[in-house]
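Notes for the structure review
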Amino acid sequence: MHLGRKTLSKFLIENISGSKDGAALAALLVDVAAAVKAIAAMSARGALDGASGSLDSTNVQGETQKPLDVLSNTAFVNTFEMGGLVAGVASEEMDDPFPVKAPHTRGPFLAIFDPLDGSSNIDGNVSVGSIFSILRANGTGEPGIEDYLQPGSKQVAAGYALYGPSTVMVLTVGNGTHGFTLDREVGNFILTHPHIQIPADTSEYAINTSNERFWEPPVTRYIDECKAGKTGPRERDFNMRWIASMVAEVHRILIRGGIFMYPRDTKDPTKPGRLRLMYEANPMSFLVEQAGGAASTGRERIMDVVPDKIHQRIPVILGSRHEVARVDHYHQQYDAGTDKPFDSPLFNERSLFRP
Ligand code: F6P
Ligand code: MN
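Read on for an overview of the structure. From a predicted model like this one, the values you see are computed outputs, not experimental measurements.

Let's talk about the nonpolar core
Inside soluble globular proteins, nonpolar side chains tend to come together where they are buried. By size, the foremost hydrophobic cluster in this structure holds 44 residues, and its most contacted members are L25, F80, I134 and M169. Examining the composition of this core, we find that 11 residues originate from one element, helix α2 (residues 22-44), more than from any other. Residue contacts for M169: discarding those within four places in its chain leaves L8, L29, V32, A33, V36, F132, Y160, A161, H178, G179, F180 and F189.

Okay, structure coming up:
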């Protein structure tokens, strides 16, 4: 029992119900939590209901869909459509946004989400998650594409659910980042991680090093320095993690610090990064910034980028703010053609630590 502990509903009533459309936003986040509970229950059943393996379909990104991708998408779409709190929804799993139409009621928000992030991990029983971003709709009409294309700084709420050993939901409405753990027996999300703070410094990085040959020089430089450890310019050893589930990776960073990078690379020149701006990078950036961290493309703040399409991809570098600043600095030096050491007179691009 969690007597005296705060439920998600109580937290929302206390924190946002007094602000503009606050009651509606609180109700919408309770709806998100309902969809999350349904997905947690489905994903916990693993292969029992035959929902394992892959479907023949691919999504707009060309990724093979899993049955749980589709079921999770439906859970969110149905919840939002029937909830009366959003004017439209956009999803990683749908080519185009979906306007709410009569007999359902349109509400003051737009919901953008990745229903099941990291779903290539499902069959391996590795953690997956859902990511969501809430924007204000422009009036009560049927929203057009341009209504969705707002920079991340305009988000009114964002969060994720992580379906791990426990199910957690982490969210922000712009007053800090807060984590809730699902009490499965009772069916309530309980505030277990109020005001999460990411340590400014870290010795842990996450990047898919199989892409190394496609990286830009500032990224190679940063990772080479981490790998050089005590014997390199950083003068301390680093540790590496790669789960291939962004939600699990960001959760670890919120809990104990770290830097996560899916940088621009030349693997596929038509894609300026792997992750999607509107339903992966923006909501995670909002959470990370609200927890005292930073989120950048290497060249600009992610939440300042004005999207030009719903499924736009973007380079992502986020986490402990001093490390993100260092990576940004390496990009600036590279773009300026300068070689200046970041903070060590021993290091420059043509030193011993460069190929
Ligand atoms: O949705 C994209 C995603 O699955 C993220 O969750 C994860 O961080 C990344 O892709 C994994 O990429 P890769 O397959 O290159 O390891
Ligand atoms: Mn994803």
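Examining the coordination of the manganese ion (ligand 2)
The manganese ion (ligand 2) binds to the protein through D114 (OD), D117 (OD) and E280 (OE); the donor distances cover 2.0 to 2.2 Å. Linear spacing of the donor residues for the manganese ion (ligand 2) on their chain is D-x2-D-x162-E. Of the two residues, D117 is situated in strand β3 (residues 109-117) and E280 in helix α7 (residues 277-290); the sequence distance between them amounts to 163 residues. For the pair formed by D117 and E280, the shared burial category is buried.

Remarks on the pattern of salt bridges
All told, the structure shown has 20 salt bridges when counted by the stated rule. With a closest N to O distance of 2.9 Å, R136 and D21 form a salt bridge. With R136 in strand β4 (residues 128-136) and D21 in the loop between α1 (8-16) and α2, this pair connects stretches of sequence that are 115 residues apart. The shortest N-O distance in the salt bridge between R252 and E204 comes to 3.6 Å. Highlighted residues: R252 in helix α6 (residues 246-256) and E204 in strand β9 (residues 204-206), separated in sequence by 48 residues. With respect to class, R252 is no different from E204; both count as buried. Connected through shared salt-bridge partners, E204, E249, R252 and R256 make up one network.

Thoughts on the pairing of strand β8 (residues 188-193)
Bridge count for strand β7 (residues 178-183) against β8 is 5 bridges, and the pairing is antiparallel. In the sheet register, T181 faces β8, and the bridge partner there is I190. Where β7 folds back onto β8 in an antiparallel hairpin, the turn is made up of 4 residues, including G187, whose phi is positive at roughly 85°.

Definitions and limits used
- Residues numbered from 1 in each chain as written.
- Chains lettered and ligands numbered in written order.
- Predicted model: local features only at pLDDT ≥ 70, side-chain atom pairs only at ≥ 80, totals over all residues.
- Heavy atoms only, no water.
- Core = buried A, V, L, I, M, F, W, Y, C linked by side-chain atoms within 4.5 Å.
- Buried < 20%, exposed > 50% of the residue type's maximum accessible area, 1.4 Å probe, protein only.
- Helix = DSSP H or I, 4+ residues; strand = E, 2+ residues; numbered from the N terminus.
- Contact = heavy atoms within 4.5 Å.
- Donors = N, O, S within 2.8 Å, 3.2 Å for Na, K, Ca; no water.
- Salt bridge = Lys/Arg side-chain N within 4 Å of Asp/Glu carboxyl O.
- Pairing = 2+ DSSP bridges.

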